[in-house]
Amino acid sequence: MKIGFIGLGIMGKPMVKNLLKAGHEVIAYDIIKENVDDVVAAGAKAGASSKAIAEECTTIITMLPNSPHVKTVICGENGVLEGAKAGTAIIDMSSIAPLASQEIEKECAKKGVKMLDAPVSGGEPKAIDGSLSIMVGGDKALFDSVKDLLLCMGASAVHCGAIGAGNTTKLANQVVVALNIAAVAEAFTLARKAGVDPNLVFDAIKGGLAGSTVMNAKAPMMIGGDFKPGFKIDLHIKDLSNALDTGHGVGSPLPLTAAVMEMMQTLRADGFGQDDHSSLAKYYAKLSGTTIQP
Ligand code: NAD
């Protein structure tokens, strides 16, 4: 199948490569030329703009930072809707506000263009090995028609409900991940400050009830003092901001999310916005005067 792909960052690049590996033809576009060159070297064709991609492809995937970027790429000048034919399907795999997905889908519908929101969980390693978890909102028949395509990039693709439901599910995921990382940072800082080796704490508790995928991924980074992203504090602030707005909108208070949001805001103010989100450990280092790293 010929696929248009817009947004070739940390996630988009490996996702394109998995589509190519599965035998699809990919026409790719990003405002950063080196990102386009990277996927062209892997066998993709370069598109001239989002509009040009839509003129050539009837299935288009977007993987962009946040709601305003997706609105610009789809609804803006030289955007997808300027080039798309009726019947084109857009699969937006970015993590954005559910309300924005609903607004963009309405604009698409005016032109007879269909849209799913299909954000992912798993980060760069799972984008590379094609085992992302994909959570999808939108028309079920459209989901069924693109599920095999999604599974070229993911290990699972679950239809969660109407348009926006994918991003609501992703926000729930991001709340659990943020709070879990903060809990790991708090607990391992306690252990270090109380004189117990965090490596031994990790070995002792990872197989018990406290163990988690988050702990397995992030505790070694905190112990090693390695905060190379991965998933950046700045992007997690974006997700928690969308979660808090959505929670306020539907009347679901998020007190723990608000607390971790302020920790991340402190890190950003201290110049760590581009660190991996495991650098929540640095917030606790500031409070305790002790790093988890030996
Ligand atoms: P990124 O910043 O690395 O990549 C985004 C890309 O979009 C960049 O290459 C940028 O140049 C491009 N872009 C921005 N505006 C554009 C425009 N107008 N036209 C064309 N291209 C444009 O971000 P990422 O880490 O790849 O994340 C993408 C999305 O996936 C985000 O919503 C993020 O929250 C989500 N996500 C990321 C991870 C992760 O671990 N990095 C994990 C799960 C989900």
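If you're wondering where the values come from, they're calculated on a predicted model, not measured in any experiment. (Residues numbered from 1 in each chain as written. Predicted model: local features only at pLDDT ≥ 70, side-chain atom pairs only at ≥ 80, totals over all residues. Heavy atoms only, no water.)

K.L.:
So what about the pairing of strand β9 (residues 154–161)? Which residues, and what values?
P.N.:
Where strand β8 (residues 132–137) lies against β9, six bridges are found, and the strand directions are parallel. Paired with Gly137 across the strands is Gly161, a residue of β9. Handedness of the β-α-β unit built from β8, helix α8 (residues 140–150) and β9 comes out right-handed. (Pairing = 2+ DSSP bridges. Helix = DSSP H or I, 4+ residues; strand = E, 2+ residues; numbered from the N terminus. Right-handed = clockwise from strand over helix to strand, strands pointing away.)

K.L.:
So what about the site of the ligand? Which residues, and what values?
P.N.:
Around the ligand, the surrounding shell holds 26 residues, and the nearest of these are Ile10, Met11, Asp30, Pro65 and Lys238. Contact between the ligand and Ile10: an oxygen atom at 2.9 Å from a main-chain N or O atom of the residue. Here an oxygen atom of the ligand and a side-chain polar atom of Asn35 are 3.0 Å apart. Surface burial for the ligand is 89%, taken as the share of its 830 Å² of free accessible area covered by protein chains. For the shell around the ligand, the elements supplying multiple residues, two or more each, are α4 (67–75), α7 (123–129) and α12 (233–250). Partitioning the shell around the ligand into residue classes produces 14 nonpolar, eight polar and four charged. Here the shell around the ligand spans two domains, and each of domain 1 (2–162) and domain 2 (168–288) adds at least three residues to it. (Near = heavy atom within 4 Å. Polar contact = N/O pair within 3.5 Å; in protein donor to acceptor, adjacent residues only side chain to side chain. Areas by Shrake-Rupley, 256 points an atom, 1.4 Å probe, with all protein chains shown as cover. Nonpolar A, V, L, I, M, F, W, Y, C, P; charged D, E, K, R; others polar. Domains from an automatic or database assignment.)

K.L.:
Any chance you could break down the packing of aromatic side chains for me, citing the residues and the numbers?
P.N.:
Here the structure, examined in full by the defined rule, presents one aromatic pair. Here Tyr283 and Tyr284 contribute two aromatic rings whose centre-to-centre distance is 5.5 Å and whose plane-to-plane angle is 85 degrees, an arrangement assigned as edge-to-face. The same class applies to Tyr283 as to Tyr284, namely buried. Here Lys282 stacks its cationic end above the ring of Phe272, 3.9 Å away from the centre of that ring. (Phe/Tyr/Trp six-rings, centres within 6.5 Å; stacked < 30°, edge-to-face > 60°. Buried < 20%, exposed > 50% of the residue type's maximum accessible area, 1.4 Å probe, protein only. Lys NZ or Arg CZ within 6 Å of the ring centre and 35° of its normal.)

K.L.:
Residue-level account of the side chain of Thr189, with values.
P.N.:
With respect to the helices and strands, the residue Thr189 is situated in helix α9 (residues 165–193). Given a relative accessible area of 5%, Thr189 falls into the buried group. Excluding its chain neighbours within four sequence positions, the residues that come into contact with Thr189 are Tyr284, Ser288, Thr290 and Ile292. (Contact = heavy atoms within 4.5 Å.)

K.L.:
I'd like a rundown of helix α2 (residues 33–41), residues and numbers included.
P.N.:
Those residues of α2 not exposed but buried are Asn35, Val36 and Val39. Across the axial projection of α2, the buried residues extend over an arc of 100 degrees, all falling on one side. Exposed residues on α2 whose side chains face more than 90 degrees from its buried face are Lys33, Glu34 and Ala41. Against the buried residues of α2 lie α1 (12–21), β2 (25–29) and β3 (45–46). (Arc of directions from axis to C-beta.)

K.L.:
Run through unusual backbone geometry, naming residues and quoting values.
P.N.:
Keep in mind that most residues, glycine aside, have a negative phi and that most peptide bonds are trans. In this chain, Pro229 is followed by Gly230 through a cis amide linkage whose omega measures 15 degrees. Here Gly230 is to be found in the loop between α11 (213–224) and α12. Even without being glycine, Asn78 reaches a positive phi, approximately 60 degrees. By secondary structure assignment, the location of Asn78 is in the loop between α4 and α5 (80–83).

K.L.:
Describe the state of the cysteines, listing the residues and the values that go with them.
P.N.:
A full pass over the atoms with the stated rule returns zero disulfides. You can see Cys57 has no disulfide; the closest cysteine sulfur is in Cys152, sitting 15 Å from it. Since its relative accessible area comes to 1%, Cys57 is described here as buried. (Disulfide = S-S within 2.5 Å.)

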